Structures are given as structure tokens and as C-alpha cells.
Amino acid sequence: MAVGKIKKRQGSKKNKKAWRKTDIQDVEEFLEDKRLEERLGVAFEDRQDHELFTVDTNPDQKGLVTYEDWKKEHRSEILKQPPRCYQALLPDSKVPDPISKRNRIRTAEERKHPLLKKKEAERLEKGILKAKELDRIRNRNLDDKRRQSRPALGDFSKDLWDEGDSLSSLPQELGSEWLEPTVKKHVMINSELKDKIVRSKHQSRPHILPAVELPHPGMSYNPSFDDHITLLKDIADKEQKLIKEDEHIKRVTTLMFKKLPRGVAEAQWLKEMSEGVPVLDPDASKPDVESVEDNEYRAINPPTNRDKKKDRRTRNKAIEEKRKQVERQMAKLENKKVSDIYRLRKLKDDISKAEAKSAKLKEKRIALKARYATKTKRLGRNKFEEREPDFHLASELKGNLRSLKPEGNLLADRFVSLQKRNVMEVAARQNPRRAKVKKFFKASHKMAWEVTPLQRQLHERKKHQRTNHVTLGAN
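Residues numbered from 1 in each chain as written. Predicted model: local features only at pLDDT ≥ 70, side-chain atom pairs only at ≥ 80, totals over all residues. Heavy atoms only, no water.

Trainee: Residues and numbers for the overall build of the protein, please.
Mentor: For the protein, the count of helices and strands is 14 helices and zero strands. Helices and strands in the protein line up, N terminus first, as α-α-α-α-α-α-α-α-α-α-α-α-α-α. A burial count over the protein gives 6% of its 475 residues as buried. Within the protein, contacts between residues separated by at least 24 positions form 52% of all contacts whose residues are at least 6 apart in sequence. Surface summary for the protein: the accessible area is close to 48,100 Å², and the carbon and sulfur share equals 56%. (Helix = DSSP H or I, 4+ residues; strand = E, 2+ residues; numbered from the N terminus. Buried < 20%, exposed > 50% of the residue type's maximum accessible area, 1.4 Å probe, protein only. Contact = heavy atoms within 4.5 Å. Areas by Shrake-Rupley, 256 points an atom, 1.4 Å probe, with all protein chains shown as cover.)

See below:
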């Protein structure tokens, strides 16, 4: 039996159930081919010959290209392309977007303001660079120098065991025998590459004062007589100064006012508080008849009249007078210019005096800056106060360290040194608030003689109620 073409089943299409029997595989394949052609661009049937084929009539005249030249050209082509971070924003299909006006995330270069672009171009022409651009150039130079210092591939002219050349010019700090050769080599390589240490703007400059200051020689456990007397004299002078300030404040505040009786003080206070308050007369409540009736409107300017109007002759005369005044002012200005020419010598003396004055002010500023260089700046709201130096009286001095009473605290000394050198701000001592706990004794925990009759009665009543409650629950 010959196998012929399978005839498609024809059925009724009246109901939806019969629609499933239709074979649409060929339609799906055709549409899939169309979609593929749309993704690749214009359909191959609609394209021209020059879009599908190219005829090479001119041979390549460049010849063989080295790998380095090809790599440079390839890198330049890659730099022209948009960054890879923006590839997710680009369409991956050649099907035109049905929505022509679609919101798109602009690149960082597109988001820049035109005025900012113009300003950056002008600064680049003048050679003005930002800090990060200078850091980029400096790092690139360091990388180039490091790359050039590496030996070429296959170059074995350098003796690896000869360290005399690399470590011959060691500074005095690295000449110690306790340092390993690797440490010395690391320091020398970094010092050669980084000629100048660039301090970040977030790092503070070192203070003039040393990190650990030398104490006063009179603070020694076995000081000389003169040093010890000098230390005690300085401390006594500071105490006298503080006592004098306290006495002055007490004299101008507490002792300034006399003690008065309560009635006299209240009367004096009432008199001072009512100073400047107007005293009301008994007839002040009656209104002034003249002031009430005088409510007419009066203009500030005097009244005008039609007969007093300026005519043309008067106006022309005023204009001419104004013109002459301007001419006089211009002539006066020209005369002043001529007189200034003859005043050049005096002006030169004035300029020399101003320069001398500015030089003196500059020297004064430098001296003031040097004076305040060792002083502590105010970084916070609290002001730095010097610690009182530790000292021993003559009777407290001992002959050896074992019997000497220790004074001061090393940790507090280091903490104050950090504040003094502007490393950290001066902070006040914080006392955390603790919640007040109410403490009391229960009546059941008190002794018999500590319980009052009322407390004993209340305790017995509560005990009786608990007993009855337990009994009823058991029943």
C-alpha cells in the first residue's frame, strides 16, 4: 500500500475546542525567522548587494604589522568605545524601539553642565589640575619608574648576590646591624621611588612640641638645691596669682554690696525697678479737647499755585546753570590731574611709607605666629588648662627611690600631651547618671522590735487572706 500525503483533518471550527486541532507549526517557524531577521537588522531579501558583499580592489599596502603596533591600535579602538559599565543600557537588538521618546539614563559626561565643561577646558588649557589628577600623574610616574627599574626578560647581567650596589648609600638610621637586609632594601626602594611624601589633607601637621617633654630638673627624686628651689618658687607664684584673682573677684562682687535690712532692700529694689516709669497724674484720664478737635489733614509740602508755575525762560536758565556746574566739575577734575603730576614725589614717599608699614606688620605677624606656635589651639568648646606639675617638699625628699612616695600618673600625662599637641580636643570629664534605686525592708524581713503595730496588723490581715484563698481553692 503506497503511503501518500497525509491529508489534513477537516473539522468544524464552530467551537473553541476545535481550534486546538489546527496545525500552526509552519506559521510559528515563519514568524520566528522574521523575528531573527529583525534582530539582525533589515531582512536579507531587502538588502542591497553592497550591504551584503564587499569587493576588495585595493590590496593592503601596510604589510606585516608587529604585535606591539597592533596592540596599540587595538587599545586606541577600545578607548573610543563606550565603557563596559554602560553596555547594559545599550540595546542588544536592531529592532527599532516602538517608544521613540523613552527616558534614558545619561552618562556621567552627558550629565555635566555645559558651563562646568567650559570651565574645565579653560583650566586644562592654563595647566591648572585638580588634586586627584596630580595624584594620578604622580602615581603613573612612579609606576613607570618602577617598570623601568625591572630587569628585561632574559637579562642576567645583574648579580643577585651582590647587595653592595643597592645598599651602599644607606642612611645613618639604616646602618644598624640589628636590621635585616630585607628591611633595608624595602626602605631604600620606597625612598628612591617616593622622593617626596605627600601628606593627605586629612592628616594634621606635626606639632612643634615634642611628643614627650623633658620634666623640670627639680622634679627629680634627687634634685639639686637650686633646681628644687626654682620649681617650688614657680609653683608658689602660680598659687599667689590664683589667690589674687579670687580676692579680686570677691572684692568686686560680694564685698562691694552692703548688707541691708529686708524692708530697706525691698524699697530700694522697688525704686530701682520703677526708674523711668512715668508717674500718672490724677487728671490724666481727662481727654484733651484741643487735641481731639485738631484732626485736620495737613500736607508736608507747602501748597502750590498756578501762578507760581515755571515758565520756559526759567527752565532754560536752570538747565544752563546745571551745564555750567558740570563743566566746573570737569575743569576741577582736570586741574586735579595736572596737580597730581607735580605730586609724584610725594606719592612716591607715601608708597614707600606704606611698604615700610606693611613690612613691619608682616614681621609682627611672623613674630606673633612664632609666639603662638607652641600654644594649644581650641579645637572644642573646652579650653586647655595646664596640669599642675608634680613636686615634693624638702621634708618629703628621700635618699632612695624605694622610700620615695610616687607622684603623678603616666597615662594621664600622655593624655594631656595629646591634648596639648592638638591631636585630640579637650573633653570634660563625663559622669554618667545612675538611676536612683529605692531601697526598703519588707515588713516580713524586719525584726519584731522594728515592726510597728499598724504594720503588724496589715501583715496579719494579708496572711489571713492568703490562707482563706488557698483553703477555698482546695475545696
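Trainee: How would you sum up the confidence of the model for the protein? Please name residues and give values.
Mentor: When pLDDT is averaged along the protein, the result is 80; 81% of the residues meet or exceed 70. Note on residues 193-203: pLDDT under 50 across the span, and eight contacts to partners over four residues away in sequence or across chains. With pLDDT under 50 throughout, residues 470-475 is counted as low confidence; its partners more than four residues away or in other chains account for zero contacts. (pLDDT = per-residue confidence, 0-100.)

Trainee: Mind laying out the environment of Asp-227, listing which residues take part and the relevant values?
Mentor: Assignment of secondary structure puts Asp-227 in helix 8 (residues 225-253). Between the alpha carbons of Asp-227 and Pro-217 there is a distance of 6.0 Å; along the sequence they are 10 residues apart. When neighbours within four sequence positions are excluded, Asp-227 is seen to be in contact with His-216, Pro-217 and Gly-218.

Trainee: With reference to specific residues and values, describe the pattern of salt bridges.
Mentor: Per the stated rule, a full pass over the model turns up 17 salt bridges. The residue Lys-420 makes a salt bridge to Glu-386 at a minimum N-O spacing of 3.1 Å. Of this pair, Lys-420 sits in helix 13 (residues 410-420) while Glu-386 is found in the loop between helix 12 (344-371) and helix 13, placing the two residues 34 residues apart along the sequence. Salt bridges here are not isolated pairs; linked through shared partners, they connect Lys-112, Glu-120 and Lys-130. (Salt bridge = Lys/Arg side-chain N within 4 Å of Asp/Glu carboxyl O.)

Trainee: Lay out unusual backbone geometry in plain terms, naming residues and giving numbers.
Mentor: In this model, Asn-422 sits at a positive phi of 65°, which is unusual for a non-glycine residue. Following the sequence through the fold, Asn-422 ends up in the loop between helix 13 and helix 14 (453-474). For Asn-422, a relative accessible area of 17% puts it in the buried group.

Trainee: Could you give an account of the side chain of Gln-419, with specific residues and numbers?
Mentor: Note on placement: Gln-419 falls in helix 13. Setting aside its immediate chain neighbours within four residues, Gln-419 contacts Thr-376, Phe-384, Met-424, Glu-425, Val-426 and Ala-427.

Trainee: Can you break down a nonpolar patch on the surface residue by residue, with the values?
Mentor: Taken together, Leu-36, Leu-40, Phe-44, Leu-52 and Phe-53 make up a surface patch of nonpolar side chains, about 480 Å² in accessible area. Structurally, the position occupied by Leu-52 is in helix 2 (residues 49-52). A relative accessible area of 36% means that Leu-52 is categorised as partly exposed. (Patch = residues over 30% accessible without salt bridge, like charges linked within 9 Å, V, L, I, M, F, W, Y side chains within 5 Å.)

Trainee: Explain helix 5 (residues 114-126) residue by residue, including any values.
Mentor: Taking 1.5 Å as the rise per residue, helix 5 with 13 residues should run 18 Å; its terminal C-alpha atoms sit 19 Å apart, in good agreement. Gly-127 lies just past helix 5 and shows a positive phi near 85°. (Expected span 1.5 Å × (residues − 1).)

Trainee: An account of a positive patch on the surface is needed here, citing residue identities and associated values.
Mentor: Residues Arg-306, Lys-309, Lys-310, Arg-312 and Arg-315 make up a contiguous surface patch of positive charge. Secondary-structure assignment places Lys-309 in the loop between helix 10 (289-293) and helix 11 (312-342). (Lys, Arg positive; Asp, Glu negative; His and termini not counted. Charge placed at Lys NZ, Arg CZ, Asp CG, Glu CD.)

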